[in-house]
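# Examining the three-dimensional arrangement
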Amino acid sequence: MSRPSTPPHRPVTRPGGARGTAPRGRPGSAPAGRDLAGRWAVALLALAPLAVLPFGLSRFVLPKLAVVAVAVALAALARPVGRLRRDVAVVVVVGAGWLVLCALAGDAPLAQLVGRWPRYEGLVALPLYAGALWAGARLLGPGTTPARTRALVGSASVTALVCALVALVEATGRRPLGGDVTRPGSLLGNASQQGALGATLLAVLLAVVVRRPVDRAAALPTVGLVASGTLVVTSGSRAALAGAVLACGVVVLTGWRAPGRRRTLAVAGGAAVAVGAAALLLPTTRDRVLGGDELASGTVEGRALLWSDTVRLLGDHLVTGVGPSGFFDAAGPAASDRWRLELGTANPPDSPHDALLQAGVAGGAVLVVLTLALVALLVRAGWAARGELDGPRGGLLAGAAAGLVAGVVTLSTGFTHASTTPLLCVLAGALASQVAAERERAWVGPAVAAGGAAWALVLVVACAGEGAVGRGVTLAAEGHIDAASDRFDLARTLRPWDADVPVLATAAFAAGVDAGDPASARHALSWSHDALALVPGSVDTVRTRAVALATLDRPAEGRVLVERVLADDPLNVDLLLAAGTLAAQDGDLEAGRDHLVRATEVDPGNAAAWADLGIVAQAMGDTALVAEVRAWQDAHPSG
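Residues numbered from 1 in each chain as written. Predicted model: local features only at pLDDT ≥ 70, side-chain atom pairs only at ≥ 80, totals over all residues. Heavy atoms only, no water.

## Considering the overall build of the protein
Definition in use: The way it works is that DSSP assigns letters per residue, a run of H or I at least four long becomes a helix, a run of E at least two long becomes a strand, and they are numbered from the N terminus. In this treatment the radius of gyration is a C-alpha quantity, and the globule benchmark scales as 2.2 Å times the residue count to the 0.38 power. Burial here depends on accessible area, computed with a 1.4 Å probe over protein chains only, as a share of the maximum for the residue type. Under 20% is buried, over 50% is exposed, and the range in between is partly exposed.
Looking only at helices and strands, the protein features 28 helices and four strands. Whereas a compact globule of 639 residues would reach a radius of gyration of roughly 26 Å, the protein reaches 27 Å, a difference of no more than 12%. Taken along its principal axes, the extent of the C-alpha atoms in the protein is 100 × 50 × 45 Å. Per-residue burial over the protein gives 51% buried out of 639 residues.

This is the structure:
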């Protein structure tokens, strides 16, 4: 889309009587009807959370990032009405450079530099987060137009409404998007992201509703406000509930000295009370809030333990952390004995579930300092903008401040994600914007537009690759091993930059490998070779490769491989099981017995460990141990 033409220069009178020429490219020079690029960019940034890939293994990241890329490209073609404050821009650039260095210092430099599946928070996603920040300042800065603000509000309302409809269906127990998780999360990926987006949208829309007269124009944002509250309540996220209530308080504070403050207090207070009351009326959310949900109580304890282990991990990597996207592979070997004994190896976290700790493990103490500096600069920018609260941008600024407060609260127990982070970056950009430069360098707009368009194309192709990965996983589960491998080959062709395609392929064949299927073992061996060349710290890949070697009558090689990893992660039950069976297959029954006994000690309820231990004990002629195994099995018939 072409940039609106610039009107001819003409003499103008400046404050103080000085005469000169009208600055080129200022917002007031373009008719609102020609600002299509600006309005569409704003709209797409707010609508991006709706993008879903129905046939992919991971459905909630790549399509949203693709929409953000298109929006950033359109923002570059739009007439700028603001620019990012220099101090904020400097912190972001320094942080980006430091993250690159930390990725290169990580255990899997190429994979960590690009970003790991499924969030790809490396070169795939992080430039788009920065682009959303830049676009927010450029499109919603001091000279923004009412049309752009309406585009933001209208699109935010639509996003809230569509996501809320899906969330309400899911609250009845149905799963329109498939899956069987207890808290599915609408179109956002999980319930925490659903709550985080709901709290942010509630803040933005509430700030608009309290400033608008009750008329037809207020209908859509009012519906969106109700829908965003519904998202928060049905998510069951306690952090989102707290963020929503605090956002209501920020809206009250920002409107305290403005006309109509009584209405602001009434509407914002009513919204906070309504969210709280609805949370107590919905049984599942009430149980989570009041502690009646056993899983919710366990989440609190587990998260505290996760944070404790993360701080210890950070202490061992204080300068550079473990690099971006390095937490998943580093967290297992670094986990405390208590974590292993109480929570085991199922569903290992890929984030510390706290944004500040996430910054620490990704970039060490340096990135923590830069993150805190960025927060301080945003607070400073918000304070400096308080004089505009009574102006045309008042509602936008109040919503941005309230939305960022809600975002910070939810990120204190969550992690960055394509569902929520781009919108928070847009709001941060709007808050940290200043008057646009009188002349913008001619290459900036075309270069960013071309980069955004290219990024969008890469991501669309990557979405097709995700579909191939999803199909490959399904085919492998159905036993169509060769066809599954062909799908993974296609995915690697479409995503040659993605180190996780061979990791995912290896994981897809793991079930067949464990069942002793030679075809699965051959493919797992091939894919795991490529995977470990790119991601040498992938414990699951090492385990699957070791078992595949044993399936192909090479148990000694598999044993050496798994025991090397077990030395760094001695309480990993999956590794103990693999080491035990491999040692036994290699003829070392005593070592096999010791590994399997240790597995039953770490996870006393693991039926597979007891079964394998019984086989080894029988082979050794250890009648006492055989009797112990049978006693356990008799006491646990369902196991």
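## Let's talk about helix H15 (residues 355-384)
Rule in force here: In this scheme, a helix's expected span is set at 1.5 Å multiplied by one less than its residue total. The angle between axes fitted to the seven-residue stretch ending at a residue and the seven-residue stretch beginning at it gives the bend at that residue. By the criterion applied in these results, polar contacts are pairs of N or O atoms within 3.5 Å in which, for protein atoms, one can donate a hydrogen and the other can accept it, and in which residues neighboring in sequence qualify only through two side-chain atoms.
Spanning 30 residues, H15 covers only 26 Å between terminal C-alpha atoms, well under the ideal 44 Å at 1.5 Å per step. Maximal helix bending in H15 amounts to about 135 degrees, located at Gly363. With a side-chain oxygen positioned 3.1 Å from the backbone nitrogen of Leu356, the residue opening H15 is Asp354.

## Brief notes about the state of the cysteines
Basically, it comes down to this: Note on terminology: pairs of cysteine sulfur atoms within 2.5 Å are recorded as disulfides.
Enumeration over the complete set of coordinates arrives at zero disulfides. Note on Cys463: no disulfide assigned, nearest cysteine sulfur contributed by Cys163 at a separation of 17 Å.

## A word on the side chain of Ser433
Put simply, the rule reads: In this analysis, two residues are considered to be in contact whenever any of their non-hydrogen atoms come within 4.5 Å of each other.
Residue position: Ser433 is located in strand S4 (residues 433-434). Its relative accessible area of 10% is what places Ser433 among the buried residues. Within the structure, Ser433 has its side chain in polar contact with the side chain of Arg393 (distance 3.4 Å). In terms of polar contacts, Ser433 uses its side chain to reach the backbone carbonyl oxygen of Ala430, at 2.9 Å. In this structure Ser433 touches Arg83, Arg85, Ala137, Leu140, Gly141, Pro142 and Arg393, once residues within four positions along its chain are discounted.

## Brief notes about a nonpolar patch on the surface
Definition in use: Like-charged residues are merged into a patch within 9 Å and nonpolar side chains (Val, Leu, Ile, Met, Phe, Trp, Tyr) within 5 Å, provided each residue has over 30% relative accessible area and no salt bridge. The accessible surface values rely on the Shrake-Rupley method and a 1.4 Å probe; as for residues, cover is taken only from the protein chains in view. Each reported salt bridge corresponds to a side-chain nitrogen of Lys or Arg within 4 Å of a carboxyl oxygen of Asp or Glu.
The grouping of Leu161, Leu165, Leu168 and Val223 at the surface amounts to a nonpolar patch, some 320 Å² of accessible area in total. At three residues, the largest contribution of residues to the nonpolar patch is made by helix H6 (residues 146-171). Of note, Leu168 is situated in helix H6. You can call Leu168 partly exposed: its relative accessible area is 42%.

## Description of the confidence of the model for the protein
For residues with low pLDDT, the predicted coordinates do not support detailed interpretation. Quick note on the threshold: What pLDDT reports is the predictor's confidence in each residue, on a scale of 0 through 100.
Taken residue by residue, the protein gives an average pLDDT of 91. The fraction at 70 or more is 93%. Here residues 1-30 is a poorly scored stretch, pLDDT under 50, and it has 55 contacts once near neighbours within four places are set aside; other chains count.

## Topic: the nonpolar core
How we decide: Put simply, buried Ala, Val, Leu, Ile, Met, Phe, Trp, Tyr and Cys residues joined by side-chain atoms within 4.5 Å make one nonpolar core.
Counting 107 residues, the largest nonpolar core has Leu45, Leu65, Leu139, Leu140, Leu206, Val232 and Leu459 as the members making the most contacts within it. Residue contributions to this core peak at eleven residues, all from helix H7 (residues 191-209). Among all residues touching Leu206, those that are not within four sequence positions of it are Leu225, Cys248, Val251, Val267, Ala268 and Ala271.

## Topic: the packing of helix H2 (residues 62-77) against helix H5 (residues 126-139)
Selection rule: Fitted lines through C-alpha atoms give the axes, limited to the stretch in contact for helices. The angle between two N-to-C directions lies from 0 to 180 degrees. For classification purposes, an angle smaller than 35 degrees is called roughly parallel, one larger than 145 roughly antiparallel, one from 65 to 115 roughly perpendicular, and anything else oblique. Left-handed describes a crossing whose near helix is turned anticlockwise from the far helix by less than a right angle; the clockwise case is right-handed. Nonpolar residues are Ala, Val, Leu, Ile, Met, Phe, Trp, Tyr, Cys and Pro. Charged residues are Asp, Glu, Lys and Arg, and all others, Gly as well, are polar.
At a minimum axis separation of 9 Å, H2 and H5 run at an interaxial angle of 40 degrees. With respect to H5, the axis of H2 lies oblique. The crossing of H2 and H5 is left-handed. Here Leu65, Val68, Ala69, Val72, Ala75 and Ala76 of H2 come into contact with H5, specifically with Leu128, Tyr129, Gly131, Ala132, Trp134, Ala135, Arg138 and Leu139. In terms of residue class, the contact of H2 with H5 is built from twelve nonpolar, one polar and one charged.

## A few points about the side chain of Arg59
Tracing the chain through its elements places Arg59 in the loop between helix H1 (36-47) and H2. Polar contacts involving the side chain of Arg59 include one to the main-chain carbonyl oxygen of Leu177, which spans 2.4 Å. The residues contacting Arg59, other than those within four sequence positions of it, are Ala51, Val52, Leu53, Pro54 and Leu177.

## Observations concerning the packing of aromatic side chains
As a reminder of what qualifies: Side-chain rings of Phe, Tyr and Trp, where Trp is taken by its six-membered ring, are said to pair if the distance between their centres is within 6.5 Å; with planes under 30 degrees apart they count as stacked, over 60 as edge-to-face, and otherwise as tilted.
Counted according to the given criterion, the structure contains four aromatic pairs. With centroids separated by 5.9 Å and ring planes inclined at 75 degrees, the aromatic side chains of Phe488 and Phe509 adopt a geometry described as edge-to-face. Of this pair, Phe488 sits in helix H19 (residues 481-494) while Phe509 is found in the loop between helix H20 (500-508) and helix H21 (510-514), placing the two residues 21 residues apart along the sequence. Judged by relative accessible area, which is 1%, Phe509 ranks as buried. Seen in terms of ring centroids, Phe488 and Trp527 are 6.1 Å apart; in terms of plane orientation they differ by 70 degrees. Their pairing is edge-to-face. In this pair, Phe488 is assigned in helix H19 and Trp527 in helix H22 (residues 518-534), connecting sequence segments 39 residues apart. Of the residues examined, Trp527 reaches a relative accessible area of 3% and is grouped as buried. Every member of this aromatic cluster is reached through a ring pair, and the members are Phe488, Phe509 and Trp527.

## Topic: the environment of Leu290
Structurally, Leu290 can be placed in helix H11 (residues 283-290). Taking relative accessible area as the criterion, Leu290 reaches 60% and is therefore assigned exposed. When the C-alpha atoms of Leu290 and Ala48 are compared, they prove to be 33 Å apart, with 242 residues separating the residues in sequence.

## Things to note about the packing of H1 against H6
Running from N to C, H1 and H6 cross one another at 25 degrees; their axes reach a closest spacing of 8 Å. Taken together, the axis directions place H1 and H6 in an arrangement best described as roughly parallel. The crossing of H1 and H6 is right-handed. Across the interface between the two elements, Gly38, Arg39, Val42, Ala43, Ala46 and Leu47 of H1 pack against Ala147, Arg148, Ala151, Leu152, Ser155, Ala156, Val158 and Thr159 of H6. Of the residues assigned to the contact of H1 with H6, the class counts are nine nonpolar, three polar and two charged.

## Here's the deal with the pattern of salt bridges
Tallied over the entire structure, the rule returns 21 salt bridges. Within the structure, one salt-bridge network assembled from shared partners comprises Arg559, Glu563, Asp586 and Asp588.

## Quick notes on unusual backbone geometry
In this structure, Pro118 follows Trp117 across a cis peptide bond, with omega equal to 5 degrees. Structurally, the position occupied by Pro118 is in the loop between helix H4 (109-114) and H5. One non-glycine residue, Ser186, lies in positive phi territory at about 55 degrees. Inspection of the secondary structure puts Ser186 in the loop between H6 and H7. According to the relative accessible area criterion, Ser186 is buried, its value standing at 1%. Even without glycine at this site, Ser325 takes up a positive phi of about 65 degrees. Among the structural elements, Ser325 can be located in the loop between helix H12 (294-316) and helix H13 (327-334).

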